[in-house]
Amino acid sequence: MELFSFVDDLKRMDKRQAIYQILNFGMIISTALMIWKGLMVVTGSESPIVVVLSGSMEPAFFRGDLLLLTNYQEEPIRAGDIVVFRIEGRDIPIVHRVIKVHEKDDGYVKFLTKGDNNQVDDRGLYSPGQLWLEKKDVIGRARGFLPYIGMVTILMNDHPQLKYLVLALLGFFVLIHREN
């Protein structure tokens, strides 16, 4: 049976091959982490890629779109910019458009956001007593997007068993794959 030939491969693998496969798997994981950290440095954002989780920004972005972010501190925030921000006490960042900006002479900036598909501004989402966002709340600004690529992430978050199954299968196939 061709389908279960990987079981035979596992049985035939000696200690040296098994260690090689584990190291190979570790290299894949560390390469992915290095790419992520490199993107963080290049974009200036703690999270250079985010997935849109709701329909609040339709028609600009739909649920499942993958956003590419930058967060260069020297660039001013302007009305119309699409920003990703984090509110104190909430783990999940929010993607919304800046609708008002207040700038003081000393450079202090505060701004108000709203989802394109929402009827009211975001003051109801902010922390209690908070009426404006500040630059420190911003994770990044949307510079580009890939439509619906993030649906995989949404499915895995909605169904954690699927996430563990996919990760287990990927790890298993990396471990049993032998280079000829």
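On a predicted model such as this, the values are computed, not experimentally measured, just so you know.

A. Spotlight on the sheet that holds strand β4 (residues 94-103). Strands sit in the order β1-β2-β7-β3-β4-β5-β6 across an open sheet of 7 strands; the sheet is antiparallel. At either end of the open sheet lies a strand with only one pairing partner, and these are β1 (49-51) and β6 (133-134). Relative to strand β5 (residues 109-114), β4 runs antiparallel, the two sharing 6 bridges. Bridging across to β5, V98 finds its partner in T113.

B. Examining unusual backbone geometry more closely. The step from E58 to P59 runs through a cis peptide bond, and the omega angle for that step is 10°. Secondary-structure assignment places P59 in the loop between β1 and β2 (66-70). Even without being glycine, Y148 reaches a positive phi, approximately 60°. Of note, Y148 is situated in the loop between β7 (138-146) and α3 (151-158).

C. Representation of the UniProt feature "transmembrane region" (unreviewed entry) in the protein within the structure. The feature "transmembrane region" (unreviewed entry), as given by UniProt, occupies residues 18-36 in the numbering adopted here. Secondary structure content for residues 18-36 is 100% helix and 0% strand, and the end C-alpha separation is 28 Å.

D. Highlighting the nonpolar core. The biggest cluster of nonpolar side chains holds 13 residues, and the ones touching the most others in it are V83, F85, F111 and Y126. Mapped by element, the contributors of at least two residues to this core are β3 (82-85), β4 and β5. Tallying contributions element by element places β5 first for this core, with 3 residues. Counting 10 residues, the second-largest nonpolar core is a separate cluster that includes V50, F61, L67 and I82.

Calculation notes
Residues numbered from 1 in each chain as written. Predicted model: local features only at pLDDT ≥ 70, side-chain atom pairs only at ≥ 80, totals over all residues. Heavy atoms only, no water. Pairing = 2+ DSSP bridges. Helix = DSSP H or I, 4+ residues; strand = E, 2+ residues; numbered from the N terminus. UniProt positions renumbered as here; feature names shortened; annotations may be inferred. Core = buried A, V, L, I, M, F, W, Y, C linked by side-chain atoms within 4.5 Å. Buried < 20%, exposed > 50% of the residue type's maximum accessible area, 1.4 Å probe, protein only.

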